[in-house]
Amino acid sequence: MALRIRHLNVHFGPTRAVDDAGLDVADGEVVALLGPSGCGKSTLLRSVAGLEPAATGEIRWDEEDLTRTPVHQRGIGLVFQDGQLFPHRDVAGNVRFGLRMHRIRPTEPRVDELLDLVGLKGYRRRRVTDLSGGEQQRVALARALAPKPRLLLLDEPLSALDRVLREQLALDLARLLRKAGTSALVVTHDHDEAFTLADRVALMREGRIVQTGTAEDVWRNPVDEPTATFLGCGLILDAHVRDHTVTFELGEIELPGTRDGVAKIGLRPHALLADPDGPISGEVSGRVHRRDHVRLLVKVGHREVDAVASIATAPEPGQTVRLRIDPDGLAVLGDHPGQRE
Ligand code: ATP
């Protein structure tokens with residue numbers, strides 16, 4: 001039981017918003033569609049929902065071709081960024097509407113069951129306008145789940161909320177989706193959110209799905225340079241791998257799972273850690289305080305590189321700093337013999 005998208009194209013005049021995209025979502029699986037603004041995520045999602053017609057290509061649920069099926073017959077539930085609740089109905093009224101829209105007669109036990117699922121059991125009679133943003137999104141989720149859709153589509157479900165709340169709600173939503181057991185496709189531009197929510201991540205760029213894999217797969221082995229950059233690698237260097245030792249301009253480090261040959265290696269800021277015993281020497285040219293660490297800009301030879309220091313010991317601009325390489329901050333890019341196996 002699965003959603004299968006093949007060679008999907010959606011065009012707006014000359015804009016190829018979705019360009020030959022292919023993607024699967026298995027039964028009960030949660031897949032995140034991750035990519036920068038404007039890459040076509042929402043258009044792909046809306047096309048699966050039936051809100052945007054496909055120019056060519058196929059959207060199937062197993063053997064059933066959904067490509068031209070009207071929205072309400074696709075068996076799909078939708079949750080948008082702002083919830084789109086009915087402000088004049090109470091919480092239970094909004095959930096009942098989810099059932100009525102699909103010509104299912106709402107029963108009170110079913111409404112209770114759904115509110116219980118999203119952790120809002122005591123909220124039946126509350127006006128939705130009196131709820132917090134996070135609570136409103138949970139009502140939207142209960143309403144979307146009410147008719148037991150085979151697939152749930154969520155378009156940036158948390159991005160209207162502030163950051164601290166978003167992290168907590170991403171965890172709640174991940175748990176909720178597992179409990180509901182419904183297959184889901186979630187659009188987000190935030191990799192932390194994608195990794196928290198999804199079993200698998202599909203990376204999208206310029207209308208195409210460029211890579212799919214687990215969070216660890218895509219984080220450790222981005223398929224190409226733009227993907228590595230999108231996933232936080234500020235610096236990409238040529239490297240050489242021999243016997244699991246990766247050698248590059250700044251030094252060498254052992255990385256299990258790598259294959260011999262030439263490679264490209266991506267460095268995230270915490271690939272270089274301030275350490276008095278580190279083998280690399282540089283001069284601090286910039287310093288920014290972050291929540292639990294200090295980000296440094298360091299001149300090493302002719303390069304300026306990002307590095308991370310602890311708040312207590314971070315050096316000041318102008319001072320010399322020694323750095324060591326932390327393998328957790330490195331990515332080995334795909335399509336090179338040196339990529340991790
Ligand atoms: P964001 O994260 O900013 O919402 P996105 O990845 O979801 O971006 P889409 O909204 O799918 O991207 O847009 C993909 C491309 O299609 C963009 O170039 C956008 O301007 C264009 N586009 C989207 N909807 C329409 C429309 N109704 N008419 C014309 N162009 C559109």
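Calculation notes
Residues numbered from 1 in each chain as written. Predicted model: local features only at pLDDT ≥ 70, side-chain atom pairs only at ≥ 80, totals over all residues. Heavy atoms only, no water. Helix = DSSP H or I, 4+ residues; strand = E, 2+ residues; numbered from the N terminus. Buried < 20%, exposed > 50% of the residue type's maximum accessible area, 1.4 Å probe, protein only. Contact = heavy atoms within 4.5 Å. Areas by Shrake-Rupley, 256 points an atom, 1.4 Å probe, with all protein chains shown as cover. Lys, Arg positive; Asp, Glu negative; His and termini not counted. Charge placed at Lys NZ, Arg CZ, Asp CG, Glu CD. Near = heavy atom within 4 Å. Polar contact = N/O pair within 3.5 Å; in protein donor to acceptor, adjacent residues only side chain to side chain. Nonpolar A, V, L, I, M, F, W, Y, C, P; charged D, E, K, R; others polar. Disulfide = S-S within 2.5 Å. Phe/Tyr/Trp six-rings, centres within 6.5 Å; stacked < 30°, edge-to-face > 60°. Pairing = 2+ DSSP bridges. Axes fitted to C-alpha atoms, helices over the stretch in contact; angles between N-to-C directions. UniProt positions renumbered as here; feature names shortened; annotations may be inferred. Parallel < 35°, antiparallel > 145°, perpendicular 65-115°, else oblique. Left-handed = near helix turned anticlockwise from the far one by under 90°. pLDDT = per-residue confidence, 0-100.

**Let's talk about the overall build of the protein**
Phase 1 of the analysis: Counting secondary structure elements, the protein contains 8 helices and 20 strands.
Phase 2 of the analysis: Expressed as lengths along the three principal axes of its C-alpha atoms, the size of the protein is roughly 70 × 45 × 35 Å.
Phase 3 of the analysis: Per-residue burial for the protein yields a buried fraction of 48% across its 341 residues.
Phase 4 of the analysis: Sequence separation of at least 24 residues holds for 65% of the intrachain contacts in the protein that already meet a minimum separation of 6.
Phase 5 of the analysis: Surface exposure of the protein reaches about 16,200 Å², of which carbon and sulfur atoms provide 49%.
Phase 6 of the analysis: If you average the places of the 45 positive and of the 50 negative side-chain charges in the protein, the two averages end up 8 Å apart.

**Notes on the site of the ligand**
Phase 1 of the analysis: In the vicinity of the ligand, the contacting residues are Phe12, Thr15, Ala17, Pro36, Ser37, Gly38, Cys39, Gly40, Lys41, Ser42, Thr43 and Glu156.
Phase 2 of the analysis: Contacts to the ligand include Cys39, whose backbone N or O atom sits 3.1 Å from an oxygen atom.
Phase 3 of the analysis: Interatomic distance of 2.8 Å between a side-chain N/O atom of Ser42 and an oxygen atom of the ligand.
Phase 4 of the analysis: Here the ligand, which alone exposes 630 Å², has 56% of that area covered by the protein.
Phase 5 of the analysis: For the shell around the ligand, the secondary-structure elements that each account for two or more residues are β2 (15–26) and α1 (41–49).
Phase 6 of the analysis: Among the elements that make up the shell around the ligand, the one with the highest residue count is α1 (3 residues).
Phase 7 of the analysis: Of the residues assigned to the shell around the ligand, the class counts are 4 nonpolar, 6 polar and 2 charged.

**Regarding the state of the cysteines**
Working definition of a disulfide: a covalent bond connecting the sulfur atoms of two cysteines.
Phase 1 of the analysis: On inspection of all chains with the given rule, the structure shows 0 disulfides.
Phase 2 of the analysis: Here Cys39 is not cross-linked by a disulfide; its sulfur's nearest cysteine counterpart is in Cys233, at 18 Å.
Phase 3 of the analysis: A relative accessible area of 2% means that Cys233 is categorised as buried.

**Digging into the packing of aromatic side chains**
Phase 1 of the analysis: Inspection of the entire model under this criterion finds 2 aromatic pairs.
Phase 2 of the analysis: Judged by centre distance (4.6 Å) and plane angle (70°), the ring pair of Phe86 and Phe97 falls under edge-to-face. Linking Phe86 in the loop between β6 (76–79) and α2 (91–100) with Phe97 in helix α2, this pair joins segments that are 11 residues apart in sequence.
Phase 3 of the analysis: Given the relative accessible area of 24%, Phe86 is considered partly exposed.

**Side note on the sheet that holds strand β11 (residues 235–242)**
Phase 1 of the analysis: Strand order in this open sheet of 5 strands is β13-β12-β11-β14-β20, and the pairing throughout is antiparallel. Where the open sheet ends on each side, the last strands, each with one partner, are β13 (251–254) and β20 (330–332). Ignoring which end each strand starts from, the neighbouring axes of this sheet average 35° apart.

**Digging into the UniProt feature "domain: ABC transporter" (unreviewed entry) in the protein**
Phase 1 of the analysis: Per the UniProt record, "domain: ABC transporter" (unreviewed entry) is found at residues 3–231.
Phase 2 of the analysis: Along residues 3–231 the backbone is 34% helical and 27% strand, and the end-to-end C-alpha distance reaches 26 Å.

**A few points about the packing of helix α4 (residues 133–145) against helix α5 (residues 163–180)**
Phase 1 of the analysis: Direction vectors running N to C along α4 and α5 enclose 20°, while the axes themselves pass 11 Å from each other. With respect to their mutual orientation, α4 and α5 come out roughly parallel. With respect to the hand of their crossing, α4 and α5 are arranged in right-handed fashion. Residues Gly134, Arg138, Leu141 and Leu145 of α4 touch α5, and the partners they reach there are Leu165, Leu169, Leu173, Leu176 and Ala180.
Phase 2 of the analysis: Grouping the constituent residues of the contact of α4 with α5 by class yields 7 nonpolar, 1 polar and 1 charged.

**Quick notes on the sheet that holds strand β8 (residues 183–188)**
Phase 1 of the analysis: The mixed open sheet is built from 6 strands, whose spatial order is β6-β7-β8-β3-β9-β10. The sheet terminates laterally at β6 and β10 (208–213), the two strands that pair on one side only. Averaged over all pairs of adjacent strands, the angle between their axes in this sheet comes to 20°, without regard to strand direction.
Phase 2 of the analysis: α1 rests against β3 (30–34), β6, β7 (151–155), β8, β9 (200–205) and β10 of the sheet, and its axis sits at about 150° to β7.
Phase 3 of the analysis: Against the sheet, α4 engages β6 and β7, with an angle of about 170° to β6.

**Regarding the confidence of the model for the protein**
Phase 1 of the analysis: With 98% of its residues at a pLDDT of at least 70, the protein reaches an overall mean of 92.
Phase 2 of the analysis: Confidence, expressed as mean pLDDT per element, reaches its minimum in the protein at α5 with 87 and its maximum at strand β19 (residues 320–325) with 98.
Phase 3 of the analysis: Of the two predicted TM-score estimates for the complex, the pTM is 0.90 and the ipTM is 0.91.

**Looking at the environment of Ala194**
Phase 1 of the analysis: You can see Ala194 is positioned in helix α6 (residues 191–197).
Phase 2 of the analysis: Each C-alpha atom, one on Ala194 and one on Asp238, is 29 Å from the other, the two residues being 44 residues apart in sequence.
Phase 3 of the analysis: When residues no more than four places from it in sequence are discounted, the contact partners of Ala194 are Ala32, Leu34, Thr188 and Val201.

**Some thoughts on unusual backbone geometry**
Phase 1 of the analysis: Despite not being glycine, Lys148 has its phi angle at roughly 55°, a positive value.
Phase 2 of the analysis: In this structure Lys148 comes out as exposed when scored by relative accessible area, which is 62%.
Phase 3 of the analysis: The backbone phi angle of Glu206 is positive, close to 45°, even though this residue is not glycine.
Phase 4 of the analysis: Here Glu206 lies in the loop between β9 and β10.

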